[in-house]
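# Observations on the model geometry
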Amino acid sequence: MNEPNNKIPGLATRQSAIRLLDAVCRRGETLDQAMPAATGKLSHPSDKALAHNIAANVLRWMTALDAMIDSATRNRLADDAKPRMALRIALAQVLILDTPQHAAISTALPLVHGGPRRLVHGVFSTVMRGVESGALKLPEYPEIPGETLDRWTNNWGEDVAIAANEAWAKPAPLDLSFQSDDVGSLDGVKLAPKHLRMLPALPVTGLAGFDEGQFWVQDLAASIPARLFGEGEGRTIYDLCAAPGGKTMQLASAGWKVVSVDNNAKRMERFQDNLKRTNLQAEEVIADLMQWEPVEPADAVLLDAPCSATGIYRRHPDVLHCIGSRQIADRVEVQRALLDRTAPWVKPGGILVYAVCSLEPEEGEEQIEAFLERHDQFAIDPVTADELPEHILPTDTGCVRTLPTTLAEQGHVDGFFIARLVRKI
Ligand SMILES: C[S@@+](CC[C@H](N)C(=O)[O-])C[C@H]1O[C@@H](n2cnc3c(N)ncnc32)[C@H](O)[C@@H]1O
């Protein structure tokens with residue numbers, strides 16, 4: 001990208017923000033994937049965080065920002081046109097991040113260097129006049145992008161779609177998982193054993209007990225799959241797709257002898273950092289599950305499968321801009337292959353827990369229904385309400401499904417599907 005006027009304060013951060021948006025909207029990357037390349041030139045972590053925050057807010061509020069931009073242009077700007085990107089960045093800063101107008105526009109105009117700066121300035125000024133007169137304003141909640149909203153309304157009903165819009169507007173709470181039921185001096189809401197919810201979320205590294213490794217950040221719904229195994233008492237479990245290690249830490253602190261496998265070396269570095277800080281033990285394997293295989297079957301297997309990740313849309317607004325029916329169908333194939341390959345690694349009488357942080361039934365309910373048709377030696381081992389956090393109930397089939405309506409009054413949870421299966425023979 002041509003980078004003009006690098007002496008303008010804050011410009012490099014906005015250039016990183018536009019690169020992030022370009023990566024998500026044009027190349028279908030996630031913000032996390034795009035961060036290293038897009039923010040590589042920023043030396044200060046707070047500038048990187050600001051670039052991420054600007055891009056995340058543009059993605060979250062894009063429908064409303066675009067409606068404002070469209071109300072001020074005679075010819076509609078293309079969705080991925082640079083002037084539209086620059087305007088989204090400027091407007092998100094003023095309307096959501098409370099950046100002064102002059103700072104927002106002075107860093108937005110150089111983003112269209114060599115392009116229609118006057119047009120961008122004109123549209124920005126028109127929108128600002130509309131906002132100041134009260135003719136234009138952001139809606140109460142950001143709107144989930146159309147294709148996803150239609151899909152969720154269709155699959156789960158209008159209440160869930162409305163709750164998803166509401167959940168998207170609020171900062172997600174900070175859920176902590178603890179090694180033991182002793183949460184020390186921390187103050188929060190306890191919704192399950194070894195859990196504490198902090199709202200508003202506080203910087204985790206400053207909390208008492210963090211350095212000592214007493215807890216780690218883990219959404220309450222994400223903590224459910226490991227809870228379903230109970231105490232390990234020294235038995236072996238294969239934690240498949242384990243990085244960055246949230247569930248491995250739960251299992252290790254519940255007394256399981258954990259073998260953790262993941263094929264992503266970078267994510268496994270975070271896994272190692274997590275285990276070091278918490279002083280928990282697990283055998284670590286960096287390998288592709290389609291190649292690796294264990295020496296013998298185990299009492300328990302957790303498959304936390306790669307998925308569309310549409311259930312973690314609150315913290316990752318980018319997923320709803322990258323994921324459509326084609327991507328969901330691709331993930332379904334990968335999950336099906338992983339399930340078929342890893343199911344024989346469960347001993348007869350042993351347990352297989354399958355989990356996805358997805359709000360798509362194809363990856364959850366339908367995936368398990370099809371698995372049970374292919375593998376009649378497995379059956380659902382129904383989850384009971386007393387195994388689950390407060391306010392979360394098992395489904396009619398004995399599985400777990402969390403939705404945007406789940407724990408809405410307590411700050412919501414991620415969208416997950418979880419099934420516990422027993423190998424009968
Ligand atoms: C949902 S994340 C796992 C989160 C993790 N269980 C936790 O609780 O922290 C899915 C993981 O699957 C891994 N993965 C995807 N395909 C894989 C494969 N073929 N073999 C091994 N790991 C794979 C990814 O690298 C990613 O870390």
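Residues numbered from 1 in each chain as written. Predicted model: local features only at pLDDT ≥ 70, side-chain atom pairs only at ≥ 80, totals over all residues.

## Thoughts on the site of the ligand
Applicable threshold: Defining nearness, a residue is near a molecule or strand when the C-beta atom obtained from its backbone falls within 6 Å of it. Strands here mean DSSP runs of E at least two residues long; helices mean DSSP runs of H or I at least four residues long; both are numbered from the N terminus. Under the convention adopted here, Pro, Cys and the residues Ala, Val, Leu, Ile, Met, Phe, Trp and Tyr are nonpolar, Asp, Glu, Lys and Arg are charged, and Gly plus all remaining residues are polar.
Around the ligand sit 17 residues in total, of which Cys241, Gly246, Asn263, Asn264 and Asp304 are the nearest. The set of elements that each furnish at least two residues to the shell around the ligand consists of α11 (246-253) and β5 (257-262). Residues that form the shell around the ligand fall into these classes: eight nonpolar, four polar and five charged.

## With respect to α11
This is how it is decided: With C-beta atoms placed from the backbone, the exposure class of a residue follows from how many other C-beta atoms lie within 10 Å of its own: 20 or more, buried; 12 or fewer, exposed; in between, partly exposed.
Counting buried positions along α11 yields seven of eight residues, so the element is predominantly enclosed. The complete set of buried residues in α11 reads Gly246, Lys247, Thr248, Met249, Gln250, Leu251 and Ala252. Directly after α11, the chain includes Gly255, whose backbone phi takes a positive value near 90°.

## Details of the sheet that holds strand β1 (residues 174-178)
This is how the line gets drawn: Strands were regarded as paired on the criterion that DSSP finds at least two bridges between them. The angle between two axes is taken between their N-to-C directions and runs from 0 to 180 degrees, where each axis is a line fitted to C-alpha atoms and a helix contributes only its stretch in contact.
In spatial order, the strands read β2-β1-β3; together these three strands make up an open sheet with antiparallel pairing. Each edge of the sheet is formed by a strand with only one pairing partner; in this case those strands are β2 (195-198) and β3 (215-217). Taking the axes of each pair of neighbouring strands and ignoring which way they run, one obtains an average angle of 25° across the sheet. Taken together, the three bridges between β1 and β3 define a ladder with antiparallel strand orientation. Bridge pairing in β3 links Leu176 to Val217.

## Structural notes on the domain arrangement of the protein chain
Spelled out, the test is: Where each domain begins and ends is defined by an automated method or by a domain database.
Along its sequence, the protein chain is carved into domain 1 (11-133) and domain 2 (215-423). For the side of domain 1 that touches domain 2, the elements supplying multiple residues, two or more each, are α1 (11-27) and α3 (45-60). With three residues, the single largest contributor to the side of domain 1 that touches domain 2 is α3. A breakdown of the residues in the side of domain 1 that touches domain 2 according to their chemical character gives five nonpolar, two polar and one charged.

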